[in-house]
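Each chain is listed here by its residues.
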Amino acid sequence: MYIDSHCHLFYEDFAADLPEVIARAHDAGVTRFVVPATNHVTAEQALKLAETYPGVYVAVGFHPLDLAEFSDERLAHIAKMASHPNVVAIGEIGIDYFYDTSPREYQREIFARQIVLAAEKDLPVIVHTRDSVQDAVDIVVRHVAENPAWRGGRPRGVFHCFTGDAAQARTLFDNGFLVSFPGPVTFKKATMPEVIRQIGLDNIMVETDAPFLTPVPHRGKRNEPSYIPLIASTIADVLNVPVAEVAAATTRNAERLFGLPQVH
Ligand SMILES: [Zn+2]
C-alpha cells in the first residue's frame, strides 16, 4: 500500500473525473493522499476533498509563488484551518528562486513565519524549493536550533521534489526532515537516482505532485496518484531491492511524518 505524499487533487485538471482518478489509485495500491494547498482558497478546496473522500489529508499554507495572495488576515485564517482534524501539515511553503515572482527576502520572511506557525501548531511542514535548496536548508536548520522541542522527536517536515545533493539530504535528516521524490526520477537524464543510491530508504517518501511532473511512460499527459508505483519501482531498481520494500519504507515514513495510522 502506498501513500501519495504530495498531490494537488483540487486543481481544475481533476474536476471532471476525480472519483475515477481515486478509484484508479486504489487499484494501483495507492490508498492515501496528502493534498497540499497553495493559498487560503485552495486550502478550503482541499479540506472539502478531505471531507468527501476517505484517505485524503491536507496541508494548509501559502506557496512561495502565491505570495501576491498573502496577508496577515489570510495567514490567521490558515492558522484556524490548521486545527481541522484532516490537516496534517503546514504547506506547501518555501522559497522559489526560479520564477522569482516576489522578492527573495520577502519569500524567506513568509517561509519563516509559516515555520513558526507549524511549530506553534506542532505540525510538520511541506517545503517547496526551486534553485533555493541551500537557503531553505539553512532556514529550517536555524528554526530547529531555535525551537528544539518542535515535534518532540517526530519528523518535522519534508523537502518535496528534492533536488539537492546527498550532503544536503543528510543535513536535513540530522534535523528531523525527510525528502521526497516525484516522477522525474524515471527520466533518463535524472540526477536524483544517484542521490537516492547514497541516502537509501530510511528517510524518503514518494509523491506524484500531480497534475505536474508526470513519470515515464505517461510523460506529456496529466499526472495522477495511480502512477506512484512507477516511481517506487524506479527507486527499487536504483537500490536493487524488492519494490515491496520501497512501498513499506516510504509508507512508514509518510505515516511517521504526517501522524497517520499505521496500516502494516
Ligand atoms: Zn506541489
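Anything mentioned here points back to the structure above.
The rules behind each value
Residues numbered from 1 in each chain as written. Predicted model: local features only at pLDDT ≥ 70, side-chain atom pairs only at ≥ 80, totals over all residues. Axes fitted to C-alpha atoms, helices over the stretch in contact; angles between N-to-C directions. Helix = DSSP H or I, 4+ residues; strand = E, 2+ residues; numbered from the N terminus. Parallel < 35°, antiparallel > 145°, perpendicular 65-115°, else oblique. Left-handed = near helix turned anticlockwise from the far one by under 90°. Contact = placed C-beta atoms within 7 Å. Nonpolar A, V, L, I, M, F, W, Y, C, P; charged D, E, K, R; others polar. Pairing = 2+ DSSP bridges. Buried ≥ 20, exposed ≤ 12 C-beta atoms within 10 Å, placed from the backbone. Right-handed = clockwise from strand over helix to strand, strands pointing away. Expected span 1.5 Å × (residues − 1).

J.: Quick question: what am I supposed to make of the packing of helix α7 (residues 192-199) against helix α8 (residues 228-239) here?
T.: Each pair of packed helices gets described by two things: the angle between the helix axes and the distance between those axes. Where α7 contacts α8, the axes come no closer than 9 Å and their chain directions differ by 60°. As the angle between them shows, α7 and α8 are arranged oblique. The hand of the α7/α8 crossing is right-handed. From α7, Pro193, Ile196 and Arg197 reach across to α8, where they touch Ile235, Val238 and Leu239. For the contact of α7 with α8, the residue count by class is five nonpolar, no polar and one charged.

J.: Any chance you could explain the sheet that holds strand β6 (residues 157-159) here in plain terms?
T.: Strands sit in the order β1-β2-β3-β4-β5-β6-β7-β8 across an open sheet of eight strands; the sheet is parallel. The sheet terminates laterally at β1 (2-4) and β8 (204-206), the two strands that pair on one side only. Sheet twist, expressed as the mean angle between neighbouring strand axes with direction ignored, is 30°. In this structure, strand β4 (residues 87-96) lies alongside strand β5 (residues 125-130), joined through five bridges in parallel fashion. Looking at β5, one finds that glycine 94 is bridged to histidine 128.

J.: How do you make sense of the pairing of strand β3 (residues 56-60) when you look at a structure like this?
T.: Looking along a regular strand, one sees the side chains alternate between the two faces of the sheet. β3 sits mainly inside the fold: five of its five residues count as buried. Bridge count between strand β2 (residues 30-36) and β3: four bridges; the pairing is parallel. Residue pairing for β3: phenylalanine 33 is matched across the bridge by valine 56. Handedness of the β-α-β unit built from β2, helix α2 (residues 40-52) and β3 comes out right-handed.

J.: Mind showing me how you'd approach the pairing of β4 here?
T.: Counting buried positions over the ten residues of β4 gives ten, a clear majority of the element. Judged from the three bridges that link them, β3 and β4 form a sheet pairing that is parallel. Across the sheet, valine 58 pairs through a bridge with valine 87, a residue of β4. In this region the chain leaves β4, passes through helix α4 (residues 104-121) and returns to the parallel neighbour β5; the handedness of that crossover is right-handed.

J.: Please clarify how α4 should be interpreted in this entry.
T.: Side chains three or four residues apart in an α-helix point the same way, a direct result of the helix having 3.6 residues per turn. The terminal C-alpha atoms of α4, which comprises 18 residues, lie 26 Å apart, in line with the 26 Å expected from a rise of 1.5 Å per residue. Every buried residue of α4 is listed here: Gln107, Ile110, Phe111, Gln114, Ile115, Leu117, Ala118 and Ala119. For α4, the secondary structure elements touched by its buried residues are α3 (72-81), β4, β5 and α5 (133-146). Downstream of α4 by one or two residues, aspartate 122 has phi in the positive range, about 55°.

J.: It is not clear to me how the environment of serine 83 should be interpreted in this structure. Could you clarify?
T.: Relative to the assigned elements, serine 83 resides in the loop between α3 and β4. For serine 83, a count of 10 C-beta atoms within 10 Å puts it in the exposed group. Each C-alpha atom, one on serine 83 and one on lysine 121, is 7.8 Å from the other, the two residues being 38 residues apart in sequence.

J.: How do you make sense of the packing of α4 against α5 when you look at a structure like this?
T.: The N-to-C vectors of α4 and α5 enclose an angle of 35°; their axes lie 11 Å apart at closest approach. Judged by the twist between their axes, the crossing of α4 over α5 is right-handed. Residues Arg108, Phe111, Ala112 and Ile115 of α4 pack against Asp135, Ile139, Val140 and His143 of α5.

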